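One-letter residues, chain by chain:
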Amino acid sequence: GLNGYFFLRRCGMPAKISVATSVYVVAITALVASSGHVLKLMESGETAGNMVLSLIIFTIPGALIGAQMGSRIASRIEPAVLERVLGSLFMITALLMAADLLF
């Protein structure tokens, strides 16, 4: 979240590169976190393992297709609009995380 803002405002990095880098960082973080959850669920029983496998089967194609669509859409949007949308997304994410912690 914040590294996208950092790249945009502090480093002066173009929005397209900032978005791609932020998505990459989030993807790696999600992969590592998901691996831990998968291992924990696999230990709990076969039913949970089947659930995880079916989630993986649908999530991976969705992420790959979404990444391709996202890069094409981002290349057609003006950088100023992309920065505003990205900033709004970061704010919404931050508010949701804060609400989760507080409530």
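Every value quoted in this text rests on a predicted model; they were computed, and no experiment measured them. (Residues numbered from 1 in each chain as written. Predicted model: local features only at pLDDT ≥ 70, side-chain atom pairs only at ≥ 80, totals over all residues. Heavy atoms only, no water.)

## A few points about the overall build of the chain
In step 1: Within the chain, the secondary structure is distributed over four helices and zero strands.
In step 2: Each helix and strand of the chain, ordered N terminal to C terminal, gives the series α-α-α-α.
In step 3: Within the chain, the fraction of its 103 residues that count as buried is 13%.
In step 4: Intrachain contacts of the chain at a sequence separation of at least 6 include 46% that bridge at least 24 residues.
In step 5: Split by element, the accessible area of the chain, about 8200 Å² in all, is 72% carbon and sulfur. (Helix = DSSP H or I, 4+ residues; strand = E, 2+ residues; numbered from the N terminus. Buried < 20%, exposed > 50% of the residue type's maximum accessible area, 1.4 Å probe, protein only. Contact = heavy atoms within 4.5 Å. Areas by Shrake-Rupley, 256 points an atom, 1.4 Å probe, with all protein chains shown as cover.)

## Digging into the confidence of the model for the chain
In step 1: Taken as a whole, the chain shows an average pLDDT of 79; of its residues, 85% reach a score of 70 or greater.
In step 2: Averaged over each element, pLDDT in the chain is lowest for helix H1 (residues 2-10) (60) and highest for helix H4 (residues 79-102) (88). (pLDDT = per-residue confidence, 0-100.)

## Re H4
In step 1: Along its 24 residues, H4 runs 34 Å from first to last C-alpha, staying within 8% of the 34 Å computed at 1.5 Å per residue.
In step 2: Within H4 the residues assigned to the buried category are Leu 82, Leu 86 and Phe 90. (Expected span 1.5 Å × (residues − 1).)

## Details of the environment of Ser 75
In step 1: Looking at the element boundaries, Ser 75 is found in helix H3 (residues 46-76).
In step 2: Under the relative-accessibility criterion, Ser 75 is labelled partly exposed at 44%.
In step 3: Reaching out from Ser 75, the side chain makes a polar contact with the backbone oxygen of Arg 72 at a distance of 2.8 Å. (Polar contact = N/O pair within 3.5 Å; in protein donor to acceptor, adjacent residues only side chain to side chain.)

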